[in-house]
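Structural characterization, general
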Amino acid sequence: MIERLIKDFNNKCYICEMKELQDANVEHLLPHKNGTYLERKFDWENLFWSCSHCNSVKNNGKYDNGIIDCCKEDPEKVLSFALVSDNVIITIRDADDEIQKKTALLVTEVFSLKNTGMRTYRSDKRLKLLQREMNIFYKQLEKFHSHPESKVIKRTMESLLRRESAFAAFKRCYVREHANVYPELQKYVLL
C-alpha cells in the first residue's frame, strides 16, 4: 500500500508538494476521528500521501468537511498558486465555493502557520524550500529566455514544469500567468 501511495502521489505531499518526504504520513482526506466518516477509514480513495506537518495542520476541525480531492479534481483548475516575496498567495476561481476556500486556506497555512514553535519551524522550512526551488526555476527561465533554441534548457524547463516536480503548482501557475512572455512553454502547463 505504501509503495503505491508514493507512486500515485509522485513521492510528494499532496498539500505542500514537498518531495522526498522524511516524515511521511498516510493521511485521510475525510477524517475518521470522532466517528465521522468512519466508513472511509480504510477506503483507498480516502488515503493520501502527506508530510506530518501538513497532516497536523489539516487535522484542525475546520477542514473536516473536506478540501479539494486532487485525485478527482485538478487543484490548478480552480486555484492559483503564487510566491510573492515571503508570502504564499493562493487565490480561488469561485469565491462562493467553500471547498476551494478551505483548500486555499490550508495551503496558505502550511507555509505560514506559526502558532507553536514546531509549526513555526516546519512552516518556515517549507517556505524556504519553496523559495529555493522557485529561485532555481527563475534562473532556468532566464536561461530559457536568453537561449530558447537550446534543447538542454528546454528539457530542463519541461522537467521543472512536470507535475512530479517539487512545488509544481507554483511553477506551472507562474508560466500560465506569464503566457505572453513564455508562449512556447504553455504546452508544458496545459490543464
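Residues numbered from 1 in each chain as written. Predicted model: local features only at pLDDT ≥ 70, side-chain atom pairs only at ≥ 80, totals over all residues. Heavy atoms only, no water.

Let's shift gears to the packing of helix α5 (residues 117-146) against helix α6 (residues 151-160). The contact between α5 and α6 brings their axes to 10 Å, and the two run at 145 degrees. The way α5 lies across α6 gives a crossing that is left-handed. Residue-level contacts link Glu133, Phe137, Gln140, Leu141, Lys143 and Phe144 of α5 to Ile153, Lys154, Thr156, Met157 and Leu160 of α6. Its residues assigned to classes, the contact of α5 with α6 shows six nonpolar, two polar and three charged. (Axes fitted to C-alpha atoms, helices over the stretch in contact; angles between N-to-C directions. Helix = DSSP H or I, 4+ residues; strand = E, 2+ residues; numbered from the N terminus. Left-handed = near helix turned anticlockwise from the far one by under 90°. Contact = heavy atoms within 4.5 Å. Nonpolar A, V, L, I, M, F, W, Y, C, P; charged D, E, K, R; others polar.)

This part takes up the pattern of salt bridges. This structure, assessed with the given rule, holds 14 salt bridges. Across the salt bridge formed by Glu45 and Lys72, the nearest N and O atoms sit 3.3 Å from each other. Placement of the pair is Glu45 in the loop between β1 (24-28) and β2 (47-51) and Lys72 in the loop between α2 (52-58) and α3 (75-78), with a sequence separation of 27 residues. The partly exposed category is assigned to Glu45, whose relative accessible area is 46%. One network of salt bridges, in which partners are shared, links Asp74, Glu76, Arg163, Arg172 and Arg176. (Salt bridge = Lys/Arg side-chain N within 4 Å of Asp/Glu carboxyl O. Buried < 20%, exposed > 50% of the residue type's maximum accessible area, 1.4 Å probe, protein only.)

A contiguous nonpolar patch, built from Met1, Ile2 and Trp44 and spanning about 280 Å² of accessible area, is present on the exposed surface. Along the chain, Met1 falls in the segment before α1 (2-8). (Patch = residues over 30% accessible without salt bridge, like charges linked within 9 Å, V, L, I, M, F, W, Y side chains within 5 Å. Areas by Shrake-Rupley, 256 points an atom, 1.4 Å probe, with all protein chains shown as cover.)

Here we come to the packing of aromatic side chains. Applying the stated criterion across every chain, the model contains nine aromatic pairs. Between Tyr14 and Phe48, the aromatic rings sit 4.8 Å apart at their centres with planes inclined by 45 degrees, giving tilted as the arrangement. Residue Tyr14 is found in the loop between α1 and β1, and its partner Phe48 is found in strand β2; the two are separated by 34 residues along the sequence. Comparing Tyr14 with Phe48 shows no difference in burial state: the two are buried. Relative to Tyr174, the ring of Phe137 has its centre 6.2 Å away and its plane inclined at 85 degrees; by these criteria the two rings are edge-to-face. Of the two residues, Phe137 sits in helix α5 while Tyr174 sits in helix α7 (residues 168-177), which places them 37 residues apart along the sequence. Phe137 sits in the buried class, given a relative accessible area of 0%. Members of the aromatic cluster, connected to one another through ring pairs, are Phe81, Phe111, Phe167 and Phe170. (Phe/Tyr/Trp six-rings, centres within 6.5 Å; stacked < 30°, edge-to-face > 60°.)

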